[in-house]
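Below are the chains, spelled out letter by letter.
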Amino acid sequence: MTAEQVRTAYQNEIQRLTRQLRQSITPDRARALGIETRVVTRLVTDATLSETAKGMGLAVSDDLVARAIRDDATFRDASGQFNRLNFTEILRSAGMSEAQFIAEQRNVVA
């Protein structure tokens, strides 16, 4: 886990909460909510699970990762279908590349 991964995950969580609460999250409020601790804990847990999966020889297929992304309601349009434009825009606003997101999802699915 790199400092950049922690920073990106922290920023993503702040943005997610900002959208959810429909109000800005100040640094003081973020500290009060324990966002940094939650993000680091999640990243450590994800890394531990990923290493355990690798050690057990478990692998996740590209098809399974693609299906998980397509099934994510976050990326659906008004008709309930996966919308590539929504997907790209959400990743862009989160400061995440498609490759980073796919790698993250691969770990989540594993």
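For the structure, check the block above.
Draft legend 1. Local environment of the overall build of the chain. The helix and strand tally for the chain stands at 6 helices and 0 strands. When the helices and strands of the chain are placed in sequence order, the string is α-α-α-α-α-α. Going through the 110 residues of the chain one by one, you find that 21% of them count as buried. Here the analysis covers contacts within the chain between residues at least 6 apart in sequence; of these, 51% occur between residues at least 24 apart. Of the accessible surface of the chain, which amounts to about 7,600 Å², a share of 54% is contributed by carbon and sulfur atoms. Here the chain contributes 15 positively and 14 negatively charged side chains, and the mean placements of these two sets differ by 4 Å.

Draft legend 2. Seen up close, the pattern of salt bridges. All told, the structure shown has 7 salt bridges when counted by the stated rule. Where Arg84 meets Glu98, a salt bridge forms, and the shortest distance between an N and an O atom there is 2.7 Å. Remark: Glu98 occurs in helix H6 (residues 98-109) and Arg84 occurs in helix H5 (residues 84-93); sequence separation between them is 14 residues. The closest approach of N and O atoms between Glu89 and Arg92, which form a salt bridge, is 2.4 Å. Of the two residues, Glu89 and Arg92 both sit in helix H5, 3 residues apart, roughly one turn of that helix. Look at Arg92 and you get exposed, because its relative accessible area is 55%. Connected through salt bridges with shared partners, the residues Glu13, Arg16 and Arg38 form a single ionic network.

Draft legend 3. Structural view of the packing of aromatic side chains. According to the stated counting rule, one finds 5 aromatic pairs in the structure shown. Between Phe82 and Phe87, the ring centres sit 5.7 Å apart and the planes meet at 50°, which makes this aromatic pair tilted. In this structure Phe87 comes out as buried when scored by relative accessible area, which is 2%. For the ring pair Phe87 and Phe101, a centre distance of 5.7 Å and an interplane angle of 70° mean the geometry is edge-to-face. Here the residue Phe87 occupies a position in helix H5, and Phe101 occupies one in helix H6, the gap between them amounting to 14 residues. Note on Phe101: relative accessible area 8%, which makes it buried.

Draft legend 4. Structural view of the packing of helix H4 (residues 62-71) against H6. Viewed as axis vectors pointing N to C, H4 and H6 meet at an angle of 100°, and their least axial separation amounts to 10 Å. Here H6 runs roughly perpendicular to H4, going by the angle between their axes. For the pair H4 and H6, contact is made by Asp62, Leu64, Val65, Ala68 and Ile69 and by Phe101, Ile102, Gln105, Arg106 and Val109, respectively. Looking at the contact of H4 with H6, its residues break down into 7 nonpolar, 1 polar and 2 charged.

What counts, and where the lines are drawn
- Every chain is numbered independently, its residues counted from 1 as its sequence is written.
- Only residues with pLDDT of 70 or above have their local features reported here, since the model is predicted, and side-chain atom pairs are shown and tallied only from 80 upward, although totals for entire chains, interfaces and linings are computed over all residues.
- Side-chain measures were taken over the full set of non-hydrogen atoms in the model, leaving aside hydrogen atoms and water.
- Here a strand is any run of E in DSSP of at least two residues, a helix any run of H or I of at least four, and the numbering for each starts at the N terminus.
- Exposure classes here rest on a 1.4 Å probe applied to the protein chains alone. A residue is buried below 20% of its type maximum, exposed above 50%, and partly exposed in between.
- Two residues form a contact once any of their heavy atoms are found within 4.5 Å.
- For accessible areas, the Shrake-Rupley method is used with a probe of radius 1.4 Å. Any residue's cover is judged against the shown protein chains and nothing else.
- When charges are tallied, Lys and Arg are placed among the positive residues and Asp and Glu among the negative ones, while His and the ends of the chain are skipped.
- For this purpose, a charge sits on NZ of Lys, CZ of Arg, CG of Asp or CD of Glu.
- Whenever Lys or Arg places a side-chain nitrogen within 4 Å of a carboxyl oxygen from Asp or Glu, that contact is recorded as a salt bridge.
- When two rings of Phe, Tyr or Trp (its six-membered ring) have centres within 6.5 Å they constitute a pair, described as stacked for plane angles under 30 degrees, edge-to-face for angles over 60, and tilted for the intermediate range.
- Only the stretch in contact is used when a helix axis is fitted, and all axes are lines through C-alpha atoms; the angle between N-to-C directions ranges over 0 to 180 degrees.
- Geometric relationships in this document are graded by angle, where less than 35 degrees denotes roughly parallel, more than 145 denotes roughly antiparallel, 65 to 115 denotes roughly perpendicular, and other angles denote oblique.
- In the scheme used here, Gly and all other residues not listed as nonpolar or charged are polar, with Ala, Val, Leu, Ile, Met, Phe, Trp, Tyr, Cys and Pro taken as nonpolar and Asp, Glu, Lys and Arg as charged.

Note that every value here comes from positions in space, so none of it alone points to a role or purpose.
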